[in-house]
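Summary of the model geometry
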Amino acid sequence: MHPGAGRATLTGKECEVSVTATTGEHIIIVNGLGAVYLRINRKARRIILRLTEEGEIAVTVPRGVPYGEALDFVLSRRDWIAQQQARRDRGETGLPPLPYEPPTLDRAAAAAILEPRIRELASSHGLTIGRIQVKAQRTLWGSCATGGRISINWKAARLPDHLRDYVILHELAHLRHRNHGPHYWHALDKLVGGDAKVLDRELRRWPLKLL
Ligand SMILES: [Zn+2]
């Protein structure tokens, strides 16, 4: 039995059918896009859109957000979805699609997130920093100069929170070790409270170019 089966009533515009699958996902067929899989996640704080490895459109919906609103979000991201699907269809392996669509932010909004977070992480680890610069480097996530001056790419604010923090901690660890030798990685492991190399690999799934 599919309690939600039948004609869609969400927007009256573009969706054809809406059913609740036995998996607990809500599947909506959207004209021109295909199947959209909606799943409620109690812990999610915002709507997250991503393409699965199979190219399906998967949407994480925070509890309390109506499906109609989630669907409107998906429709507003049509261009991004088409771009990612085309890239996938062309088999472009050099730059895989981002795991999901990052939040839209401008540089000023990014700085308002990054600067306090850098100070917070530095002070919680007892590190003294100098001036903070939020920059728009083309290929660098950040840098750490003499005098403890920290530069962070504003696009770090578009990363998932734990990877944003990882980018910051990567630079903070340079306050202790300027190179990327074993001592550096050991210090970074301590700052991230785990295996920094795992985070480093995860960060590579978010190429700066695509953000
Ligand atoms: Zn480094």
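Preceding block: the structure.
Residues numbered from 1 in each chain as written. Predicted model: local features only at pLDDT ≥ 70, side-chain atom pairs only at ≥ 80, totals over all residues.

Turning next to the overall build of the protein chain. Looking only at helices and strands, one finds 6 helices and 8 strands in the protein chain. From first element to last, N terminus to C terminus, the protein chain shows the α and β order β-β-β-β-β-α-α-α-β-β-β-α-α-α. Pairs at least 24 apart in sequence give 40% of the contacts found in the protein chain among residues at least 6 apart. (Helix = DSSP H or I, 4+ residues; strand = E, 2+ residues; numbered from the N terminus. Contact = placed C-beta atoms within 7 Å.)

Quick look at the sheet that holds strand β6 (residues 132-135) now. Across the sheet, 3 strands lie side by side as β6-β8-β7; this open sheet has mixed pairing. Each edge of the open sheet is held by one strand with a lone partner, namely β6 and β7 (142-145). Put simply, the sheet's adjacent strands are angled 15° from each other on average, direction ignored. When β7 meets strand β8 (residues 149-153), the two strands line up antiparallel, connected through 4 bridges. When the bridges of β8 are listed, Ala145 appears paired with Arg149. (Pairing = 2+ DSSP bridges. Axes fitted to C-alpha atoms, helices over the stretch in contact; angles between N-to-C directions.)

As a further point, take the pairing of strand β5 (residues 57-62). Taking every second residue as pointing to the same face, the buried face of β5 carries Ile57, Val59 and Val61, while none of Ala58, Thr60 and Pro62 on the other face is buried. Pairing between strand β3 (residues 34-41) and β5: 6 bridges, direction parallel. When the sheet's bridge partners are listed, Asn41 is paired in β5 with Pro62. When strand β4 (residues 48-51) meets β5, the two strands line up antiparallel, connected through 4 bridges. When the sheet's bridge partners are listed, Arg50 is paired in β5 with Ala58. (Buried ≥ 20, exposed ≤ 12 C-beta atoms within 10 Å, placed from the backbone.)

Grouped together as the largest cluster of nonpolar side chains are 24 residues, with contacts concentrated most on Leu114, Ile152, Ala156, Val167 and Leu169. Residue assignment for this core shows that the elements contributing at least two residues are α3 (107-124), β8, α4 (161-173), α5 (182-192) and α6 (196-203). Sort the elements by how many residues they give to this core and α4 lands first, with 6 residues. With residues up to four places along the chain from it excluded, the contact list for Leu114 reads Val134, Ile152, Trp154, Ala156 and Ala157. In terms of nonpolar packing, the next biggest core, distinct from the first, is built from 13 residues, Ile28, Leu38, Ile57 and Ala70 among them. (Core = buried A, V, L, I, M, F, W, Y, C linked by C-beta atoms within 7 Å.)

So, about the environment of Gln85. Here Gln85 shows up in helix α2 (residues 78-89). In this structure, the C-alpha to C-alpha distance between Gln85 and Leu33, residues 52 residues apart in sequence, is 10.0 Å. Those residues in contact with Gln85 that sit more than four places away from it in its chain are Leu51 and Gly55.

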